[in-house]
Amino acid sequence: MATDIKDTAHTVEAAAVMKLLPARPRLLALGEPTHGEDTLLDVRNELFRQLVEQEGYRTIAIESDCMMGLVVDEYVTSGTGTLDEVMERGFSHGFGASAANRELVRWIRAYNDGRPASEWLRFAGFDGPLEITGAASPRQALTALHGYLSAQVEADLLPCTAETLDRLLGADDPWTNPAAMMDPDRSVGQSAEARELRLLADDLVALLDAQTPHLITATSRDDWYRARLYGRTAIGLLRYHFWMADTSPSRMTRLVGLRDQMMADNLLALAERGPALVHAHNGHLQRDKSTMWMGDMPVEWWSAGALVNAHLGEGYAFLATALGTIRHQGVDTPPPDTVEGLLYALPDDRYVIDAPRLATALGDTPPAPRVSPWFGYSPLDPAHLADSDGIVFVKDVPQS
């Protein structure tokens with residue numbers, strides 16, 4: 001068996017990845033089994049550089065707030081702001097503190113400097129403006145969409161004025177109240193004002209769609225594309241807030257599913273612009289159903305990767321990342337009868353593995369699932385090995 005496993009392992013580089021795939025995918029998704037480890041992000045950065053230089057990739061999208069990501073994209077394309085400001089304001093989930101993310105942004109800016117716009121690399125966040133503790137107010141997305149449209153179309157086509165939006169939105173604090181995540185009664189998502197805002201958001205997006213031929217010439221395709229992001233985000237946030245106010249047993253299932261649906265919508269929009277490398281947790285990018293436990297209740301939903309895969313087929317490819325140790329988090333050498341243990345026995349530190357071939361080599365009895373002693377790390381599910389196109393394996397992850 002060891003010979004077979006060794007035969008499935010290749011150096012981690014763009015050319016080896018492409019050989020695993022039937023064609024160049026529009027979205028190449030690279031998962032990670034844990035957040036916050038710069039070693040894994042360094043692997044991502046190097047792969048992105050090679051995809052840019054060898055395969056014509058032009059965009060990188062990461063699991064960060066899509067609205068904040070516009071700040072990073074503005075910086076890497078036009079130099080707006082400073083690198084320090086962009087790292088502070090352009091990332092959610094604390095990802096701006098990462099040295100590897102900082103190096104990624106610095107490299108993209110340097111690459112773009114002096115090149116024509118047609119050759120620029122782009123940066124995107126593809127998560128909604130959501131944190132574990134709650135969701136943003138829809139104010140930024142709704143008012144930006146309204147502002148874009150009001151500058152370009154006749155006033156009587158708009159479903160409302162900016163003043164009406166402002167009145168219905170009210171203060172941001174009730175929208176962002178962290179208590180609403182655990183207590184539906186604290187959410188404003190099903191108030192009369194929120195229900196009216198959902199209808200207005202729908203009308204604004206319909207107007208944006210209806211005026212597309214005019215808008216892409218009167219502004220630019222880029223500005224129109226950004227307005228579509230505002231529209232998706234406004235509708236997604238209002239939908240998310242609505243279900244935060246729900247009291248039914250399926251509330252959490254809906255909320256985690258809605259988050260991945262927002263991610264998928266953003267990824268499908270990115271796919272229209274050309275090939276992109278996508279980076280997020282394995283659980284958001286896998287093709288099979290995602291599961292987690294909320295107390296003693298299992299929650300199941302279709303991940304963003306599963307949704308995008310259903311739309312794009314061979315236009316979507318997924319590489320799961322697996323790792324051997326994260327000793328500073330108590331994750332020690334993997335047991336030899338797990339997938340991670342079998343890969344850990346290989347001589348080198350990093351590989352890209354042909355996952356379907358590995359699944360065949362392992363035969364009908366999949367290896368034992370690895371159990372993590374630390375909640376922040378999710379081992380591979382050996383039963384779903386063949387559902388990924390490849391596995392990027394990193395032997396040891398030292399403290400960042």
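Residues numbered from 1 in each chain as written. Predicted model: local features only at pLDDT ≥ 70, side-chain atom pairs only at ≥ 80, totals over all residues. Heavy atoms only, no water.

Identification of the protein as Erythromycin esterase family protein from Streptomyces inhibens is taken from an unreviewed UniProt entry.

**Focus: the side chain of T233**
Position of T233 among the secondary structure elements: in helix 12 (residues 221-244). Taking relative accessible area as the criterion, T233 reaches 2% and is therefore assigned buried. Contact partners of T233, with chain neighbours within four places excluded, come to C66, M67, P129, A141 and M262. (Helix = DSSP H or I, 4+ residues; strand = E, 2+ residues; numbered from the N terminus. Buried < 20%, exposed > 50% of the residue type's maximum accessible area, 1.4 Å probe, protein only. Contact = heavy atoms within 4.5 Å.)

**Here's the deal with the environment of D38**
Following the sequence through the fold, D38 ends up in helix 3 (residues 38-55). C-alpha of D38 to C-alpha of A345: the two residues are 307 residues apart in sequence and 23 Å apart in space. When sequence neighbours within four positions are dropped, the list of residues in contact with D38 reads S98, A99, A100 and S400.

**Looking at empty space enclosed by the protein**
The method is simple in principle: a probe with the dimensions of a water molecule rolls over the atoms, and the space it marks as empty is what remains. Taken as a whole and assessed by the stated rule, the structure comprises one cavity of 30 Å³ or more. Estimated volume of the largest cavity: approximately 210 Å³. Along the walls of the largest cavity sit 18 residues, with L70, A124, Y225, L229 and R273 positioned nearest its centre. Among the elements of the structure, helix 4 (66-78), strand 4 (122-127), helix 12 and helix 13 (251-271) are those that each provide at least two residues to the lining of the largest cavity. Looking at side-chain class alone, the lining of the largest cavity contains eight nonpolar, four polar and six charged residues. Counting the residues that make up the lining of the largest cavity, at least three belong to each of domain 1 (1-134 + 251-397) and domain 2 (135-250). (1 Å grid on protein atoms, 1.4 Å probe; cavity = no way out; pocket = protein on both sides within 12 Å on 5 of 7 lines; lining within 4 Å. Points joined across faces, edges and corners; volume = space filled by probe spheres on them. Nonpolar A, V, L, I, M, F, W, Y, C, P; charged D, E, K, R; others polar. Domains from an automatic or database assignment.)

**Focus on the side chain of S137**
Counting through the fold element by element, S137 comes out in the loop between strand 6 (134-135) and helix 7 (139-150). Of the polar contacts made by the side chain of S137, one reaches the backbone nitrogen of R139; its length is 3.0 Å. Polar side-chain contacts of S137 include one of 3.1 Å to the side chain of D172. For S137, the contacting residues outside a window of four places in its chain are L169, D172, W175, T176, L237 and H241. (Polar contact = N/O pair within 3.5 Å; in protein donor to acceptor, adjacent residues only side chain to side chain.)

**Structural notes on the nonpolar core**
Grouped together as the largest cluster of nonpolar side chains are 45 residues, with contacts concentrated most on L28, F48 and V105. Contact partners of F48, with chain neighbours within four places excluded, come to T59, I60, L104, W107, I108, L121 and L277. Judged by nonpolar contacts, the second largest core, of 38 residues, contains L27, A280, A304 and L385. (Core = buried A, V, L, I, M, F, W, Y, C linked by side-chain atoms within 4.5 Å.)

**Comments concerning the layout of surface pockets**
In this structure, the largest pocket spans a volume of roughly 1700 Å³. For the lining of the largest pocket, the elements supplying multiple residues, two or more each, are strand 5 (130-131), helix 13, helix 14 (282-285), strand 8 (290-294) and strand 10 (316-325). Partitioned by chemical class, the residues of the lining of the largest pocket number 22 nonpolar, 15 polar and ten charged. Residue assignment places the lining of the largest pocket across two domains, with domain 1 (1-134 + 251-397) and domain 2 (135-250) each supplying three or more.

**A short note on the sheet that holds strand 10**
Backbone hydrogen bonds hold the strands of a sheet together, and the pairing may be parallel or antiparallel. Taken in spatial order, the eight strands of this open sheet run 1-11-12-10-2-7-3-4, and their pairing is mixed. Each edge of the open sheet carries a strand with a single partner, namely strand 1 (9-10) and strand 4. Taken together, the six bridges between strand 10 and strand 12 (residues 390-396) define a ladder with parallel strand orientation. What sits directly across from A322, in strand 12, is F393. Packing of helix 4 onto the sheet brings it into contact with strand 3 (59-65) and strand 4, and relative to strand 4 it is tilted by some 175°. Packing against the sheet, helix 15 (residues 304-312) makes contact with strand 2 (27-32) and strand 10, and its axis sits at approximately 150° to strand 10. (Pairing = 2+ DSSP bridges. Axes fitted to C-alpha atoms, helices over the stretch in contact; angles between N-to-C directions.)

**What to know about the pattern of salt bridges**
Throughout the structure, instances matching the rule amount to 18 salt bridges. For R259, the salt bridge goes to E63, with nearest N and O atoms at 3.2 Å. Taken together, the residues R259 in helix 13 and E63 in strand 3 connect sequence positions 196 residues apart. Of the two residues examined, R259 and E63, each falls in the buried class. A salt bridge links R115 to E119, with the shortest nitrogen-to-oxygen separation between them at 3.7 Å. When its relative accessible area of 34% is taken as the criterion, R115 is described as partly exposed. If you follow the salt bridges from partner to partner, you end up with D73, R122, D222 and R273 in one network. (Salt bridge = Lys/Arg side-chain N within 4 Å of Asp/Glu carboxyl O.)

**Quick word on the pairing of strand 8**
Looking at chain direction, strand 8 and strand 9 (residues 297-301) are connected through five bridges and run antiparallel. Across the sheet, residue T291 finds its bridge partner in strand 9, namely E300. Counting the residues between successive antiparallel strands, the hairpin from strand 8 to strand 9 contains two residues, one of them, G295, with a positive phi of roughly 65°.

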